[in-house]
Amino acid sequence: MSIEIKHLNHIYGENTIFEQYALKDVNLTIHDGEFIGLIGHTGSGKSTLTQHLNGLLKASSGDILYNGESIYREGYSMKELRSKVGLVFQYPEHQLFEVDVFSDVCFGPKNQGLSQQEIENRAAEALRLVGLDESFYKQSPFELSGGQKRRVAIAGVLAMKPEVLILDEPTAGLDPKGRDDILGLVKKLHDEQKMTIILVSHSMEDVAKYVSRLVVMNHGEKVFDGTPKEVFRHYKELETIGLAAPQITYVVHALRERGILLDQDITTVEEARDAILSLWKKHTCTAQPHEHQENAGQMEETKC
Amino acid sequence: MGIIRAVNLIFDYIRHDEEEDKDEINHALRGVSLDIKEGSFVAILGHNGSGKSTFAKLMNGILLPSEGTVYISNMKTSDEEHLWDVRKTAGMVFQNPDNQIIGNIVEEDVGFGPENMGVPTEEIWARVDKSLEAVGMTAYRLQSPNKLSGGQKQRVAIAGVMAMKPKCIVLDEPTAMLDPNGRREVIRTVHELNRKEGITVLLITHYMEEVIDADRVIVMDGGHVVMDGTPRDVFSRVKELKKYSLDVPQVTELADELKAAGMDIPDGILTIDELVDSLVPILGGKEA
Amino acid sequence: MLRDITLGQYYPVDSVLHRLDPRTKLFGTLVYIVSLFMANSVWAYVAASVFLVAAIRLSKVPIKFMVRGLKSIVVLLLISVSFNLFLTPGTPIFKIGFLQMTWEGLEFAGFMAIRLVFLVMGSTILTLTTTPNQLTDGLEKSLGFLNHVGVPVHEVSMMMSIALRFIPILIEETDKIMKAQMARGADFESGNLIQKAKAMVPLLVPLFISAFRRATDLAMAMEARCYRGGEGRTKMKPLHYEKRDKITYGMYLLYFAVILAVRLAV
């Protein structure tokens, strides 16, 4: 599986005085099994970009190749593309409409023209993946909690067995626990089901924890593309475009300014903790060579 | 006596299940008593389902308690004759920016409250001008709300409430549907109003970073108040907060873990500067 | 992007027409429409043209915005013109098979076309120079007398105003829901009428539910801001007639007298 985006442009109001670039010369290649984070402020074009990947929006110019084939060639089946590239919109629970949960999840496979047996198998499998057991099947989707509704909506897309799963701000409006649940689910889908995942988000901290590659958009253009650590090195530039690196990045840089030279690629709490603790050991051992620390906690044995 | 007083509040959502012909009862609030001082900035934190939104709706009579009483400026919300005075005194801002803006133009929406109150035309304009100024949206007064960002819409909603000249504002998860910029905008506006106009603020949220500058933080879980203190008090109990499905800012979490590993760091670290200042002497860094 | 569609396309500029009381403009549009149906001679249409051109000039709105409104009736125009052109009995000009164009047909079709165009342009001027709020305020004030016969004028006006506010929002939501269902393989385009109707269910159900949710939220917000119906409400932008409105009413009288005279004379 591969997606190649070549010189993609999307222009609103072309050739009028209102001409505006929603996407400008975007070049991007997505490889099989990647877990990509797509970040940008509101209006940066990140949602617009995702809607091009499954053909909901058509580019003004440029090309998109799915598995080497242009999706704009004559006779290409967009319907089939949408089975392969699943897109979960923001607040996906707003698309629920069926009488009961199971029927709603069946909607996708039904549109794929599969046999009744296969439709039901896929729906059951999808619901299992999102952690909703049979007791939910006959319930009305409108009586579930917000987090449960969202999982039903995600199952509705998973039931189509896509190769690529794009999630647009899947944690929007959820509380911290809800957020962790959904992101944990997405990670599971990536690790266990080997799906290629594109996660569109605002939250740098969420993204830093899960993705292996970060693409940053600004005013319709791709401005950064690399591992989270590589991207967060540009934290000052990120700020000028209205984004921020995880709070830990700032802590590390502030400490470095005061002469405490931690590795500047630290982006998570765990990494920061480990680095600071080992620096502390070294420092206290050199300063007071005969005093060992009493509360070892989770540290390894103090070696002085 | 605080401007907002809740006495033994109990609220049950009762849903009648047609099929099984019985009532399903959700005990959203199980006995909450709180006293909010006038002019203070109080935050109520809790995960979804903790009862915090139900509590908010009880503040201005949208919901009436199953048991117990809510007093706004010593008026009972359950007193029908005081209901409109209660709502004038305790204004409310809701979660969905679009679903609380009624006017087709910003300034007309801000004037909606005073219009309902029967305020004379000239004074409506004075109030609208002042409220728009207070939230920094004067430049947008003739715009359609559809052209505004989420944060701007919420500021218009706040202006609409301010135009009613309330003594306190209750904000029910006003930032839940906003992006980080919008969230900052709204919280900054609310703090300014609290500081400059002396409005009592009751902020319901689940975002920890929004409550760092509050005077008092109340944590709810399972329909009860489970923690109540200054931000520093509450934030220092990281493990407890996690038990209540709440998140802490990364600095606070880091400080807590370092402390648990034996480093001598004060409790309740809230900002990057505080953490850095406490680490520098321990790790042999330079003074600022 | 869809949010930029404002109903009726209000064009913000300062002109005499923009400053008129909305009731004056509503009445004027009514007078104009009636006059168009009363016109049955060239002179009447000349009078109507003068009236229209005067209004267009006074509104200071560029012509191209007026013409936009006509785009939507192009099909209707073509159909009615062709019907009248070929199916009116009378003195023939030429013949194609059973279709025959007559002088009477030409005249009739011509008048019909002008009438349609003028009708649309006249109404367009109304919406180009009056905000939706002004329109509902104007209707509310002028139809206030219906209160005495039990019509809840204020409530209806409030409903219209809120509907206008939410139409762009609901349009955008429809688009979103449509895209979300298309992402799940829904097909809104192919199939016969019955299939297409069935395909609308995944679109309409979520839309209705969303609309109901918004209505509930909005009701709560309105109550929280002390709304309790029309009683005791004051207005931020109350309507009152100025001298220019009175002069305009005078103009209507004049115009209508001319139309009446032409009709009676011919």
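Just so we're clear, the structure is a prediction, and the values are computed from it rather than from any experiment.

**Q** Just checking my understanding: could you explain the overall build of chain A for this structure?
**A** A tally of helices and strands in chain A yields 11 helices and 10 strands. Along the first, second and third principal axes, the C-alpha set of chain A runs to 75 × 55 × 30 Å. Every one of the 304 residues in chain A was classed for burial, and the buried ones make up 43%.

**Q** I would appreciate a short explanation of the domain arrangement of chain A in the present structure.
**A** A common measure of how large an interface is: the accessible area buried when the components associate. Residue and element names in this part refer to chain A. The domain boundaries assigned to chain A delineate domain 1 (2-226) and domain 2 (229-304). One C-alpha centre belongs to domain 1, the other to domain 2; they are set 35 Å apart. Facing 12 residues of domain 1, the contacting portion of domain 2 comprises 11 residues. Looking at the side of domain 1 that touches domain 2, the elements with two or more residues in it are α7 (204-210), β9 (213-218) and β10 (221-226). Sort the elements by how many residues they give to the side of domain 1 that touches domain 2 and α7 lands first, with four residues. When the residues that make up the side of domain 1 that touches domain 2 are grouped by side-chain class, the tally is seven nonpolar, three polar and two charged.

**Q** When you look at the confidence of the model for chain B in this model, what are you seeing that I'm missing?
**A** Residues of chain B with pLDDT of at least 70 account for 100%, and the chain-wide mean is 92. Listed scores for the predicted complex are pTM 0.87 and ipTM 0.91.

**Q** Can you walk me through the packing of helix α2 (residues 22-38) of chain C against helix α6 (residues 103-129) of chain C in this structure?
**A** Geometrically, a packed helix pair is captured by the angle between its two axes and the distance between the axes. All names here are of chain C. Relative orientation of the contacting elements α2 and α6 amounts to 180°, with a least axis distance of 10 Å. Considering their axes alone, α2 and α6 lie roughly antiparallel with respect to each other. Along the contact surface, α2 presents Lys25, Thr29, Tyr32, Ile33 and Leu36, while α6 presents Arg115, Phe118, Leu119, Gly122, Ser123, Leu126 and Thr129.

**Q** I would appreciate a short explanation of the interface of chain A and chain C in the present structure.
**A** Listed per partner, the contact involves 22 residues of chain A and 17 residues of chain C. Among the elements of the structure, α2 (78-84), α3 (101-111) and α5 (146-158) of chain A are those that each provide at least two residues to the side of chain A that touches chain C. Looking at side-chain class alone, the side of chain A that touches chain C contains 11 nonpolar, nine polar and two charged residues.

**Q** What is the right way to look at the packing of helix α6 (residues 150-162) of chain B against helix α7 (residues 180-197) of chain B in this model?
**A** Residues and elements named next belong to chain B. Contact geometry of α6 with α7 gives a least axis separation of 8 Å together with a crossing angle of 25°. In this view, α6 runs roughly parallel relative to α7, as classed from their interaxial angle. Remark: the crossing between α6 and α7 carries right-handed chirality. In this structure, α6 uses Gly150, Gly151, Gln154, Arg155, Ile158 and Met162 to contact α7, whose residues at the interface are Asn181, Gly182, Glu185, Val186, Thr189, Val190 and Leu193. In terms of residue class, the contact of α6 with α7 is made up of five nonpolar, six polar and two charged.

**Q** It is not clear to me how the sheet that holds strand β2 (residues 20-31) of chain A should be interpreted in this structure. Could you clarify?
**A** By way of backbone hydrogen bonds, the strands of a sheet pair with one another, either parallel or antiparallel. All names here are of chain A. Overall, antiparallel pairing links the four strands, which are arranged β2-β1-β4-β5 in an open sheet. Where the open sheet ends on each side, the last strands, each with one partner, are β2 and β5 (69-70). When strand β1 (residues 2-12) meets strand β4 (residues 61-66), the two strands line up antiparallel, connected through five bridges. Looking at the pairing, Ile3 lines up with Tyr66 of β4.

**Q** In this structure, what is going on with the interface of chain A and chain B? I would like to understand it.
**A** Contact residues are listed per partner, giving 35 residues for chain A and 34 residues for chain B. Elements supplying a minimum of two residues to the side of chain A that touches chain B: α6 (176-193), α10 (247-257) and α11 (269-287) of chain A. Looking at the side of chain A that touches chain B, the element that brings in the most residues is α11(A), giving eight residues.

**Q** Would you take a moment to explain the sheet that holds strand β8 (residues 200-205) of chain B for this structure?
**A** All names here are of chain B. Taken in spatial order, the six strands of this open sheet run β6-β7-β8-β3-β9-β10, and their pairing is mixed. Taken across any chain shown, the strands that pair with only one partner, and hence form the sheet edges, are β6 (90-93) and β10 (224-229). Sheet twist, expressed as the mean angle between neighbouring strand axes with direction ignored, is 20°. Looking at chain direction, strand β7 (residues 168-172) and β8 are connected through five bridges and run parallel. Each residue of the ladder has a partner; that of Ile169, found in β8, is Val201. Along the sheet, α7 contacts β3 (41-45), β7 and β8; its crossing angle with β8, the most-contacted strand, is approximately 155°.

**Q** Any chance you could explain helix α3 (residues 42-59) of chain C here in plain terms?
**A** Since the α-helix advances by 3.6 residues per turn, residues separated by three or four positions end up pointing in the same direction. Residue and element names in this part refer to chain C. Under the 1.5 Å per step criterion, the end-to-end length of α3 is 26 Å for 18 residues, consistent within 8% with the ideal 26 Å. Considered for burial, the residues of α3 that qualify are Ala44, Ala48, Phe51, Ala55 and Ser59. Summarising the axial view, the buried residues of α3 lie within an arc of 70°, below the 170-degree limit, and thus occupy one face. Exposed and oriented more than 90 degrees from the buried face of α3 are Ser49, Val50, Val53, Ala54 and Arg57. Close packing links the buried residues of α3 with α1 (16-19), α2, α6 and α11 (243-265).

**Q** Explanation requested: the domain arrangement of chain B in the structure shown.
**A** Residues and elements named next belong to chain B. If you check the domain split of chain B, you get domain 1 (40-57 + 80-245) and domain 2 (249-288). When each unit is reduced to the centre of its C-alpha atoms, the spacing between domain 1 and domain 2 is 32 Å. Opposite the nine residues of domain 1 that make contact, domain 2 presents seven residues. Per element, the largest residue contribution to the side of domain 1 that touches domain 2 is four residues, and it comes from helix α8 (residues 231-235). Of the residues belonging to the side of domain 1 that touches domain 2, the class tally is five nonpolar, one polar and three charged.

**Q** What exactly am I supposed to notice about the pairing of strand β6 (residues 85-88) of chain A here?
**A** Walk down a regular strand and you will see the side chains alternate between the two sheet faces. Residue and element names in this part refer to chain A. Burial along β6 is two-sided: the face carrying Val85 and Leu87 and the face carrying Gly86 and Val88 are both buried. Strand direction decides the pairing type here: β6 and strand β7 (residues 164-168), joined by four bridges, are parallel. Pairing of Leu87 across the sheet is with Ile166, part of β7.

**Q** For this particular structure, what's the right way to read the nonpolar core?
**A** Inside soluble globular proteins, nonpolar side chains tend to come together where they are buried. Grouped together as the largest cluster of nonpolar side chains are 104 residues, with contacts concentrated most on B:Ala159 and B:Leu202. With six residues, α6(B) is the largest single contributor of residues to this core. In contact with B:Ala159, other than residues within four places in its own chain, are B:Val110, B:Ser131, B:Leu132, B:Ala134, B:Val135 and B:Met137. Membership of the second largest hydrophobic core comes to 74 residues, among which are A:Leu23, A:Phe102, A:Val157 and C:Ala180.

**Q** What is the right way to read the environment of B:Gly182 from this model?
**A** Assignment of secondary structure puts B:Gly182 in helix α7. Sequence separation between B:Gly182 and B:Asn96 is 86 residues; the distance between their C-alpha atoms is 13 Å.

**Q** Explain α2(C) to me, please; I cannot follow it from the model alone.
**A** Residue and element names in this part refer to chain C. With 17 residues, α2 extends 24 Å between its outermost C-alpha atoms, agreeing within 8% with the 24 Å of an ideal straight helix rising 1.5 Å per residue. Of the residues making up α2, those classed as buried are Pro22, Arg23, Thr24, Lys25, Gly28, Tyr32, Ser35 and Leu36. Looking at the packing, one finds that the buried side of α2 touches α3, α6, α7 (132-142) and α11.

**Q** What should I look at first to understand the environment of B:Phe112 in this one?
**A** Inspection of the secondary structure puts B:Phe112 in helix α4 (residues 112-117). Considered as a pair, B:Phe112 and B:Ala260 are 148 residues apart in the sequence and their alpha carbons are 54 Å apart. Those residues in contact with B:Phe112 that lie beyond four places of it in its chain are B:Ile102, B:Gly103, B:Gly160 and C:Arg225.

**Q** Any chance you could explain the environment of B:Asp256 here in plain terms?
**A** The topology assignment puts B:Asp256 in helix α10 (residues 250-260). Sequence spacing of B:Asp256 and B:Pro266 is 10 residues, and the spatial spacing of their C-alpha atoms is 9.1 Å.

What counts and what doesn't
Residues numbered from 1 in each chain as written. Chains lettered and ligands numbered in written order. Predicted model: local features only at pLDDT ≥ 70, side-chain atom pairs only at ≥ 80, totals over all residues. Helix = DSSP H or I, 4+ residues; strand = E, 2+ residues; numbered from the N terminus. Buried ≥ 20, exposed ≤ 12 C-beta atoms within 10 Å, placed from the backbone. Domains from an automatic or database assignment. Contact = placed C-beta atoms within 7 Å. Nonpolar A, V, L, I, M, F, W, Y, C, P; charged D, E, K, R; others polar. pLDDT = per-residue confidence, 0-100. Axes fitted to C-alpha atoms, helices over the stretch in contact; angles between N-to-C directions. Parallel < 35°, antiparallel > 145°, perpendicular 65-115°, else oblique. Left-handed = near helix turned anticlockwise from the far one by under 90°. Pairing = 2+ DSSP bridges. Expected span 1.5 Å × (residues − 1). Arc of directions from axis to C-beta. Core = buried A, V, L, I, M, F, W, Y, C linked by C-beta atoms within 7 Å.

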